[in-house]
Amino acid sequence: MTSTATLREAPPVAPVGAPGQAGATGAVRGPAPPPDDGVPRPYGTILAFLLPALTLYAAFTAYPFFRTLWNSFHKVLPRRSEFVGLENYATLAGDELFWRAVRNTLIWASTSPLFEVTIALLLALALYAKVPGARFFRVAWFTPVLMSYVVVGILFVWIYNYDWGPVNAALRWLGLGELARAWLGNPNTALPALIAVTTWMWTGFNMVVLLAALHSLPKEVIEAAELDNCGWGQKLVFVILPLVRPTLLNLVVLSFIGKMKIFDLVWITTKGGPLWSTETVSTYVYKRAFEWSTFDLGYPSTIATVWFVIVLAAVLTLTYAFRLREKLEY
Amino acid sequence: MRRLIASLTAVATAAFMLAAAAPAAAQTEVTLWTHWAAEKIKRDFVEDAIRRFEEKNPGVKIKASWYEKTALYAALKTALRAGQAPDIFYAEPDQVEYMENGFLLDLSDLNWQNIEPWAKEAWSYKGKPYGFPLEASTVELYYNKKMVDELGVKIPDSLQLSPDAFLDLVRRAKAKGWTPMSLGVGDRPFPGAYLTHEALLKKLGTDDYDKLLKGKLPWSDPRVVDTLKWLRTLIDAGLLPTSFTSLKLGEAHTYFHTNPGAVMFLNGSWYTSRAFNPPDKGGQPKDFPLGVMKFPAVPGAACNDCRTLSVQGSYVANADTKRKKEVLAFFNSMASEEAGNRWLENVLVQTGIKSDVSKITGPNAEYFRLLAATNKDAKYYFGAPSQIMQGKAKEVFTQVINNAFPAGTIGVEDAVKQLQASY
């Protein structure tokens, strides 16, 4: 609590180069001169340093973004494009498959972070408490994140196989054979089965980040809690969790954004099926751009634009909600 | 001196021009991007055709780049837009977007005498032909003769079981703990649809079936509903493997002929391109008792002899090619009965090039005799649904008819409703 409060009470850091304040550069060169001191600025050098980064940014981020936006109002065919106004947006509003993909993606993006971060926290606490074999478990639990979605996808197609997959084999061995099913072939279980895969894959990453956060907790705070006879549960709820809360929230947001863009795992395992039960917005955009026997890039651009707005709005909402909670807390 | 310099300059210029011209004449390079990187027998056929062509045309070299289909299609979409596409590339007749956008060279000047008329028709768009049809296939019902004998089922001389006899075969197989038919849609958008579209084609006949695929006949037509209900009876009787939705195409082959073994396997006639490989490369066991029968008769069918024949792997030419003459010469070099027979004998699947099955000899002659028997008196519908349907209808067909309906996860009414709404 103390450290957080201290940080919050610290005076705001002035921007680098602001009059009267020494920023990182100012500390070395002295106070920055006022802008109208008549000293010539090395604009050529500044530009030379900025240009490579700006060029890359313009070519690979800004231009594609504005081009996608432009495309969304056009029918974009090879050698010609035709302005269609809001027609693509109107079509998208009534596109049942798109909304199904949106629903699936939102379900995935809203449930997966909760599973990942909760399990990761428990695992990180276990390692923090130095359970026997902690060093081995740290490596073992982190390993899945090192694999590519392609490898993981192929692996889980086998694991979920109806006839000889380990999941059904285990169920049969436990006498629960009636629960065995084609996990990726059933519209009711395909999406949860894939959510389980991403949870398995990303929990290790979250765990490592949380473990680092736990290790960086101020020892004096923990010791003070122990002097006050706090048990493990109390230390966790009243000391550790509030201190790692910013890390937890960042992990939730990162996981949320990752799932909003998920493509590879779905493409390898189900291609959006069965019956669009695992269709995500990314797979739908790809299908519309490359698999629907058309060269038109206008409609897929419309989907990408709308989805960008939805993701941006969701992230801003999450950030705003978390800030609100912090304000309420203090 | 001046004259000497002028002479030397002239000689040097001539030598330079000759030197420049000679390699150019010998180095006319035609680029080809093609699927079949992993299908050795088809690749061998094409490489052999290139070698023969280059021998007869010493000034021309065909530079082939081999891809897998998905990667090829993605590369082509970008290359065509950027004007960087090769002179010749692999395509299939359902890719109408190439023709709609003027990317393909009109092949009217080709020697079409040795190409099957239906194959030319499959590649015709607004009255002009655009593709050289190498590969064609029918949907065949393969079976394990030994297992069928053990079930006490006799395949009639017509090679077509009645609806009741087929249902009986399915029930007998299930009673013995065998899977009646191997089929899987784990990695392909079409195997499950074989079942439905072959049944619908027989029930409706070619004209009405064509209308159905093109959205001119409603999916709620009573004949369509009856056929789906009949298929549902077969599915409910346990026709397909329990792992149908996750079973991949390659696995479905192995499931049929090796492990665990199924009584039947409904597949394109390109079954041979995998199954006739050595067993250690995924082929069927040596001396496997392979039989081929017709798809069963459908109750109340308009045309039980109707079946699908579709053109698949083909070559097309880039409309912007600067080597049109060489491209046409290469296609013409493959447009002969001799090349057609060579395709049949080596690739073991039908072709759009005219060929003579009676001239096939060797160990696979018996297989072609079987194939000819099942295709006797056949009335063909040219093109698979995936080649006829486009956009949303194709997507819904893939998800519903290829997957969910045969898997039993969607009922007849729902399937009809979804397909009807997709047009």
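Here the structure is a predicted model, which is why all the values come from computation and not from measurement.

Points about the overall build of chain B
Okay, step 1: Looking only at helices and strands, one finds 17 helices and 13 strands in chain B.
Okay, step 2: When its C-alpha atoms are laid out on the principal axes, chain B stretches across 105 × 50 × 35 Å.
Okay, step 3: Here the analysis covers contacts within chain B between residues at least 6 apart in sequence; of these, 78% occur between residues at least 24 apart.

A short note on the overall build of chain A
Okay, step 1: What chain A contains, in helices and strands, is 14 helices and two strands.
Okay, step 2: Here chain A holds 330 residues, and 28% of them are scored as buried.
Okay, step 3: Sequence-distant contacts, at least 24 apart, represent 66% of the contacts inside chain A between residues at least 6 apart.

Let's talk about the packing of helix α8 (residues 191-213) of chain B against helix α16 (residues 391-407) of chain B
All names here are of chain B.
Okay, step 1: Close contact between α8 and α16 brings their axes to 8 Å; oriented N to C, the two are set at 90°. For the element pair α8 / α16, the angle class is roughly perpendicular. Along its contact with α8, which presents Gly192, Ala193, Leu195 and Thr196, the element α16 presents Phe397, Ile401, Asn402, Asn403, Phe405 and Pro406.
Okay, step 2: Here the residues of the contact of α8 with α16 sort into six nonpolar, four polar and no charged.

Some remarks on the domain arrangement of chain B
As a measure of interface size, the accessible area lost when the parts come together is often cited.
Residue and element names in this part refer to chain B.
Okay, step 1: For chain B, the assigned domains read domain 1 (26-135 + 312-355) and domain 2 (137-310 + 370-421).
Okay, step 2: With 13 residues of domain 1 at the interface, the matching set in domain 2 holds 14 residues.
Okay, step 3: A class-by-class count of the residues in the side of domain 1 that touches domain 2 yields seven nonpolar, two polar and four charged.

What about helix α10 (residues 249-257) of chain B?
Okay, step 1: Summarising burial for α10(B): seven of the nine residues are buried, a large majority.
Okay, step 2: Those residues of α10(B) not exposed but buried are Glu251(B), Ala252(B), His253(B), Thr254(B), Tyr255(B), Phe256(B) and His257(B).

Quick word on the nonpolar core
Okay, step 1: Of all hydrophobic cores here, the largest spans 117 residues; its most connected members are Phe89(B), Met181(B), Met264(B), Leu266(B) and Val400(B).
Okay, step 2: For this core, the element with the highest residue contribution is α8(B), accounting for 10 residues.
Okay, step 3: Each of two domains, domain 1 (26-135 + 312-355) and domain 2 (137-310 + 370-421) of chain B, supplies a minimum of three residues to this core.
Okay, step 4: Excluding residues within four positions of it along the chain, Leu266(B) makes contact with Val139(B), Leu141(B), Met181(B), Leu183(B), Tyr194(B) and Leu195(B).
Okay, step 5: Listed in part, the 19 residues of the second largest apolar core include Val152(A), Phe156(A), Tyr160(A) and Ile262(A).

Let's talk about the sheet that holds strand β2 (residues 60-66) of chain B
Residue and element names in this part refer to chain B.
Okay, step 1: Taken in spatial order, the five strands of this open sheet run β2-β1-β3-β12-β6, and their pairing is mixed. Bordering the open sheet on either side are β2 and β6 (131-133), each of which pairs with just one other strand. Within this sheet the neighbouring strands show an average axis-to-axis angle of 25°, counted without direction.
Okay, step 2: Bridge count between strand β3 (residues 88-91) and strand β12 (residues 314-317): four bridges; the pairing is antiparallel. Within β12, the position partnered with Tyr90 by the bridge is Tyr315.
Okay, step 3: Taken strand by strand, helix α2 (residues 40-56) contacts β1 (28-34) and β2, and its axis lies near 165° from that of β2.

Side note on the environment of Ala193(A)
Okay, step 1: Locating Ala193(A) in the fold gives a position in helix α9 (residues 190-215).
Okay, step 2: When the C-alpha atoms of Ala193(A) and Tyr160(A) are compared, they prove to be 8.4 Å apart, with 33 residues separating the residues in sequence.

Observations concerning the pairing of strand β11 (residues 306-311) of chain B
Residue and element names in this part refer to chain B.
Okay, step 1: In terms of residue burial, β11 counts as a mostly covered element, since six of its six residues are buried.
Okay, step 2: With burial as the criterion, each face of β11 is covered, one bearing Cys306, Thr308 and Ser310 and the other bearing Arg307, Leu309 and Val311.
Okay, step 3: With three bridges connecting them, strand β7 (residues 136-144) and β11 associate as antiparallel partners. By the bridge assignment, Ser137 is partnered in β11 with Ser310.

A look at the interface of chain A and chain B
Okay, step 1: Counting residues at the interface gives 21 residues for chain A, matched by 21 residues for chain B.
Okay, step 2: Here the side of chain A that touches chain B is composed, by residue class, of 14 nonpolar, six polar and one charged.

Observations regarding the packing of α2(B) against helix α13 (residues 337-347) of chain B
Residues and elements named next belong to chain B.
Okay, step 1: Closest axis-to-axis distance for the α2/α13 pair is 9 Å, and the angle between their directions is 150°. What the angle tells us is that α2 and α13 run roughly antiparallel. Considering how the two elements wind past one another, α2 and α13 form a crossing that is right-handed. Contact with α2, carried on its side by Ile41, Lys42, Asp44, Phe45 and Ala49, involves Ala339, Arg342, Trp343, Asn346 and Val347 of α13 and no other residues of that element.

Thoughts on the environment of Pro58(B)
Residue and element names in this part refer to chain B.
Okay, step 1: If you trace the backbone, Pro58 turns up in the loop between α2 and β2.
Okay, step 2: Under the C-beta neighbour-count criterion, Pro58 is labelled exposed, with 9 such atoms within 10 Å.
Okay, step 3: Sequence-wise, Pro58 and Thr28 are 30 residues apart; in three dimensions their C-alpha atoms are separated by 9.5 Å.

As for unusual backbone geometry
Okay, step 1: In this structure, the amide linkage connecting Gly273(A) to the following residue, Pro274(A), adopts the cis form with an omega of -10°.
Okay, step 2: For Pro274(A), the position within the fold is in the loop between α12 (264-269) and α13 (281-291).
Okay, step 3: Along the chain, Asn259(B) connects to Pro260(B) via a cis peptide bond; the corresponding omega equals 0°.
Okay, step 4: Note on placement: Pro260(B) falls in the loop between α10 and β9 (262-268).
Okay, step 5: One non-glycine residue, Lys130(A), lies in positive phi territory at about 55°.
Okay, step 6: Tracing the sequence through the fold places Lys130(A) in the loop between α5 (96-128) and α6 (134-142).
Okay, step 7: Residue Lys130(A) is classed as exposed on the basis of its 9 C-beta neighbours within 10 Å.
Okay, step 8: Unlike most non-glycine residues, Leu159(B) shows phi in positive territory, near 65°.
Okay, step 9: Mapped onto the elements of the fold, Leu159(B) is located in the loop between α6 (145-150) and α7 (163-175).

Some details on the environment of Glu39(B)
Okay, step 1: Here Glu39(B) is to be found in the loop between β1 and α2.
Okay, step 2: When the C-alpha positions of Glu39(B) and Met293(B) are compared, they lie 26 Å apart, and in sequence the two are 254 residues distant.

A closer look at the confidence of the model for chain B
Okay, step 1: Overall, the prediction assigns chain B a mean pLDDT of 90, with 94% of residues at 70 or greater.
Okay, step 2: Note on the complex model: pTM 0.79, ipTM 0.76.

Description of α7(B)
The periodicity of an α-helix, 3.6 residues per turn, causes residues three or four places apart in sequence to face the same way.
Residue and element names in this part refer to chain B.
Okay, step 1: Under the 1.5 Å per step criterion, the end-to-end length of α7 is 18 Å for 13 residues, consistent within 8% with the ideal 18 Å.
Okay, step 2: Of all the positions in α7, only Phe166, Leu169, Val170 and Ala173 are classed as buried. Around the axis of α7, the buried residues are gathered within 95° of arc, so they sit on the same side. Seen from the buried face of α7, the exposed residues on the opposite side, beyond 90 degrees, are Asp164 and Ala175.
Okay, step 3: Taken together, the buried residues of α7 touch β8 (179-182), α9 (222-236) and β9.
Okay, step 4: A positive backbone phi angle near 85° is found at Gly177, which sits one or two residues after α7.

Side note on the confidence of the model for chain A
Okay, step 1: Mean pLDDT over chain A stands at 86; residues scoring 70 or higher make up 87%.
Okay, step 2: Within the model, pLDDT remains below 50 along residues 1-28 of chain A, and this stretch shows 25 contacts once partners closer than five positions in the same chain are excluded.

Reading the values: the criteria
- Residues numbered from 1 in each chain as written.
- Chains lettered and ligands numbered in written order.
- Predicted model: local features only at pLDDT ≥ 70, side-chain atom pairs only at ≥ 80, totals over all residues.
- Helix = DSSP H or I, 4+ residues; strand = E, 2+ residues; numbered from the N terminus.
- Contact = placed C-beta atoms within 7 Å.
- Buried ≥ 20, exposed ≤ 12 C-beta atoms within 10 Å, placed from the backbone.
- Axes fitted to C-alpha atoms, helices over the stretch in contact; angles between N-to-C directions.
- Parallel < 35°, antiparallel > 145°, perpendicular 65-115°, else oblique.
- Nonpolar A, V, L, I, M, F, W, Y, C, P; charged D, E, K, R; others polar.
- Domains from an automatic or database assignment.
- Core = buried A, V, L, I, M, F, W, Y, C linked by C-beta atoms within 7 Å.
- Pairing = 2+ DSSP bridges.
- Left-handed = near helix turned anticlockwise from the far one by under 90°.
- pLDDT = per-residue confidence, 0-100.
- Expected span 1.5 Å × (residues − 1).
- Arc of directions from axis to C-beta.

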